[in-house]
Amino acid sequence: MPGVVIVGAQWGDEGKGKITDLLAQRATAIVRFQGGNNAGHTIVRDGEEFKFHLIPSGILHADKMCVIGNGVVVDPRVLLSEIDGLKRAGVSVGNLRLSANAHLIMPYHVLLDQAGETKLGKLSIGTTRRGIGPCYADKALRLGIRVQDLLDEKILRTKIRAAIEPKQQALRELSVQRRKARKEAGEEAKGIEASDLVPDPRLDVHAMVEEHVNYGHRLEPHIADTAKLCWDALDSGQTVIFEGAQAALLDLDHGTYPFVTSSNPIAGAACVGAGVGPADIDEVWGIAKAYATRVGAGPFPTELHEEIGERMVERGHEFGTTTGRRRRCGWMDLVALRYAVRLNRMDSLAITKLDVLSGIGPLRVAVRYRSKEGAVLDSFPYHQSILHSATPEYEELPGFDEELGECREEADLPQAARDFLAYVSEFVRVPVRLVGVGPDREQTVWLDS
Ligand code: GDP
Ligand code: IMO
Ligand code: MG
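For clarity, every value in this text was computed on a predicted model and none was experimentally measured. (Residues numbered from 1 in each chain as written. Chains lettered and ligands numbered in written order. Predicted model: local features only at pLDDT ≥ 70, side-chain atom pairs only at ≥ 80, totals over all residues. Heavy atoms only, no water.)

## A look at the nonpolar core
Burial of nonpolar side chains together is a common tendency in soluble globular proteins. By size, the foremost hydrophobic cluster in this structure holds 64 residues, and its most contacted members are F242, L337, L354, L357 and F420. Looking at which element gives the most residues to this core, the answer is helix α13 (residues 415-428), with seven residues. With residues up to four places along the chain from it excluded, the contact list for F420 reads A290, M332, L354, L357, L363, V365 and L397. Within the second largest apolar cluster, 41 residues are counted, among which are I55, L80, A163 and V205. (Core = buried A, V, L, I, M, F, W, Y, C linked by side-chain atoms within 4.5 Å. Buried < 20%, exposed > 50% of the residue type's maximum accessible area, 1.4 Å probe, protein only. Helix = DSSP H or I, 4+ residues; strand = E, 2+ residues; numbered from the N terminus. Contact = heavy atoms within 4.5 Å.)

Below, the structure written as structure tokens:
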């Protein structure tokens, strides 16, 4: 299995961290290839909980190389605080490598993300406000600051000046517009004010350069040509796991735009975000919950607003790892999952959080949508307006009341749980090879299929 990609098959938070940690046992290296600290990955090992935003989910294996690839956007403060946290917990970070080509989330990206979200008001995408969108925008504009720039003060200063200049202007304009709008509406605006941002000490170039040179000193032992590290491992037949953050339906190109993240979380992006070729990828794993969740705004056809959704939130502890926001919950959507399967050309599925569904039955899975004109939609509609107003149609399956937390083998699972997995697998035509029955890494069932 030399090149293995792990991706989210829904709207994120499927349990990619746990599955990556599990599959990492068979790998030499684990490489994050996109996203930034908008991600929140939780791993529970022997009851101890670890939360990662930037560090690859293989880090708990002392002998594995963990790589933050060029496609990731890195907030150096967050990375250093994760490194410090791991050291305090006694976890070695000696094998952590950071691509010299990865782009940095700078303080102005975070401020712009917050200001942008405030400005959008009711239409807010509900970003994690971590500066992800503005950072990827600067990358595309060729105004980005890269990890390697931390090692050259002169270049760093020049690039920060070039990047910040057009933004200060935008922030000033935004500030004037907002003040005018507030006056006209005669109301107090909520959240961070753009006018607060212009004189923000965090935007002082001299202080920013000094701070980032210091980050460069601290990160230098980890900075590397990470594409070459991947080639060396793959060329010698070792297994490399490419770990995706977010998920297919949050993909910038293929997700529910504009309610998406600003990178490509699908398997195809692993090549770009790590620096390998398509032929280096041998296997793609999709991770899906046994139900569905979404954080932030955007279409979610199977969303439940009634008691069952509440039960999913309670039983599944559906609150975001990064922002603490309550996740929206709903039934598993097989139309959307089949779309994600094809987009990623998945070979295997891991279905997590099956334990959450016990006592909730009968269970439902969406098998088609109906448009508001009454048309039957068997596949995910390309037109967003259709998706917004589509109604899901469900297949009802028997539920189960047994708690699954102690199940370790397929035979331990109640028949109804096995039938549920078989139905999902048959519908999307991908084998379910791994099932999550609790947050701990031990709470896992491998299937033979
Ligand atoms: P990720 O972003 O895809 O890595 O997922 P998150 O870590 O954000 O969210 C998944 C949550 O579910 C975490 O709190 C995990 O500890 C937890 N989790 C993962 N797998 C299972 C499972 O099979 N059952 C239960 N009950 N919880 C799980
Ligand atoms: P993991 O890796 C769930 C969502 C945000 C918002 C949209 C855009 O833990 O699965 P952004 O800050 O990326 O510009 O926000 O994407 N989002 C996630 N939702 N899990 C994530 O990551 C997410 N990362 C971003 O809630 O709707
Ligand atoms: Mg998460």
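## Details of helix α1 (residues 16-23)
Of all eight residues that make up α1, eight are buried, and the element is covered over most of its length. Every buried residue of α1 is listed here: K16, G17, K18, I19, T20, D21, L22 and L23.

## A short note on the site of ligand 2
Lining the immediate environment of ligand 2, one finds 20 residues, of which D13, K16, T128, Q246 and T261 sit closest. Within the contact set of ligand 2, an oxygen atom lies 2.6 Å away from a side-chain nitrogen or oxygen of T261. One of the backbone N or O atoms of V295 is found 3.1 Å from an oxygen atom in ligand 2. For ligand 2, whose accessible area on its own is 550 Å², the fraction buried by protein is 98%. Classifying every residue of the shell around ligand 2 gives seven nonpolar, ten polar and three charged. (Near = heavy atom within 4 Å. Polar contact = N/O pair within 3.5 Å; in protein donor to acceptor, adjacent residues only side chain to side chain. Areas by Shrake-Rupley, 256 points an atom, 1.4 Å probe, with all protein chains shown as cover. Nonpolar A, V, L, I, M, F, W, Y, C, P; charged D, E, K, R; others polar.)

## Notes on the pattern of salt bridges
Throughout the structure, instances matching the rule amount to 25 salt bridges. The shortest N-O distance in the salt bridge between E310 and R326 comes to 2.4 Å. Of this pair, E310 sits in helix α10 (residues 307-316) while R326 is found in the loop between α10 and β13 (328-330), placing the two residues 16 residues apart along the sequence. A salt bridge links R368 to E393; the shortest N-O distance between them is 3.0 Å. Taken together, the residues span a long stretch of sequence, with R368 in strand β16 (residues 363-370) and E393 in strand β18 (residues 391-397) at a distance of 25 residues. Among the residues examined, R368 registers a relative accessible area of 29% and is labelled partly exposed. (Salt bridge = Lys/Arg side-chain N within 4 Å of Asp/Glu carboxyl O.)

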